Amino acid sequence: MFVNYNLEDIKSGKVSLNKEAQKEDMMLIVQSFERECIDIINWRLFEIAKTTTARVYGFENKNNYVYMKITSTGEVLPCYFKNHDLDGYSVFVADSINEAIRLYENSYEPKSLNL
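First, a word on scope: everything that follows refers to the structure included in this document. (Residues numbered from 1 in each chain as written. Predicted model: local features only at pLDDT ≥ 70, side-chain atom pairs only at ≥ 80, totals over all residues. Heavy atoms only, no water.)

With respect to unusual backbone geometry
Phase 1: The phi dihedral of Cys-37 falls on the positive side, at around 60 degrees, and the residue is not glycine.
Phase 2: Among the secondary structure elements, Cys-37 is positioned in the loop between helix H2 (20–35) and strand S2 (44–50).
Phase 3: Cys-37 gets classed as exposed once you look at its relative accessible area, which sits at 71%. (Helix = DSSP H or I, 4+ residues; strand = E, 2+ residues; numbered from the N terminus. Buried < 20%, exposed > 50% of the residue type's maximum accessible area, 1.4 Å probe, protein only.)

Below, the structure is given as structure tokens:
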């Protein structure tokens, strides 16, 4: 589900998420940002998704993206994507949010093949 919420508004309670698990996840994620001294003022939550094993949240600011995965045990994992084909990508877990931001590939320019 695509959304458009300011992370600071979520933290302050101006924006309320529908599910209790999402509210708890967002507080864990905000704490993770703050632990790494990342100012949340310009970050927006733009995607909420669920896999069979985790809940996933996509965040962006002016030029950066990061995904945060919450496992069934409540572990917060910063993630990034690497593109490897026209419609293919792989997701990786980073050691920190800052590392995930740095390694995230937000575009892919495939090389054309000369036939």
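Some words on the pairing of strand S3 (residues 54–60)
Phase 1: Within S3, six of the seven residues are buried, which leaves it mostly tucked inside the rest of the structure.
Phase 2: As judged from the six bridges shared by S2 and S3, these two strands associate in the antiparallel manner. Within S3, the residue paired with Ala-49 across the bridge is Val-56.
Phase 3: In sequence, S2 turns back onto S3 through a hairpin of three residues.
Phase 4: Pairing of S3 with strand S4 (residues 65–71) involves seven bridges; the strand directions are antiparallel. Looking across to S4, one finds that Ala-54 is bridged to Thr-71.
Phase 5: Connecting S3 to the next strand, S4, in antiparallel fashion are four residues. (Pairing = 2+ DSSP bridges.)

Observations concerning the packing of aromatic side chains
The relation between two aromatic rings is expressed through the spacing of the ring centres and the mutual angle of the planes.
Phase 1: Using the criterion set out here, one finds nine aromatic pairs in the structure.
Phase 2: Within the aromatic cluster, the residues linked to one another by ring pairs are Phe-46, Tyr-65, Tyr-67, Phe-81 and Tyr-104. (Phe/Tyr/Trp six-rings, centres within 6.5 Å; stacked < 30°, edge-to-face > 60°.)

Topic: the side chain of Ser-32
Phase 1: Relative to the assigned elements, Ser-32 resides in helix H2.
Phase 2: Accessibility expressed as a relative area gives 8% for Ser-32, which makes it buried.
Phase 3: The residues contacting Ser-32, other than those within four sequence positions of it, are Met-68, Val-76 and Ile-97. (Contact = heavy atoms within 4.5 Å.)

Focus: the nonpolar core
Phase 1: Core analysis: the biggest nonpolar cluster contains 31 residues, and Met-26, Phe-33, Leu-45, Phe-59 and Val-66 have the highest contact counts within it.
Phase 2: Sorting the residues of this core by element identifies helix H1 (7–12), H2, S2, S3, S4, strand S5 (76–85) and helix H3 (97–103) as the ones contributing at least two each.
Phase 3: Once residues within four sequence positions are removed from consideration, Phe-59 is found in contact with Leu-7, Met-26, Ile-29, Phe-33, Trp-43, Arg-44, Leu-45, Phe-46, Asn-64, Tyr-65, Val-66 and Met-68. (Core = buried A, V, L, I, M, F, W, Y, C linked by side-chain atoms within 4.5 Å.)

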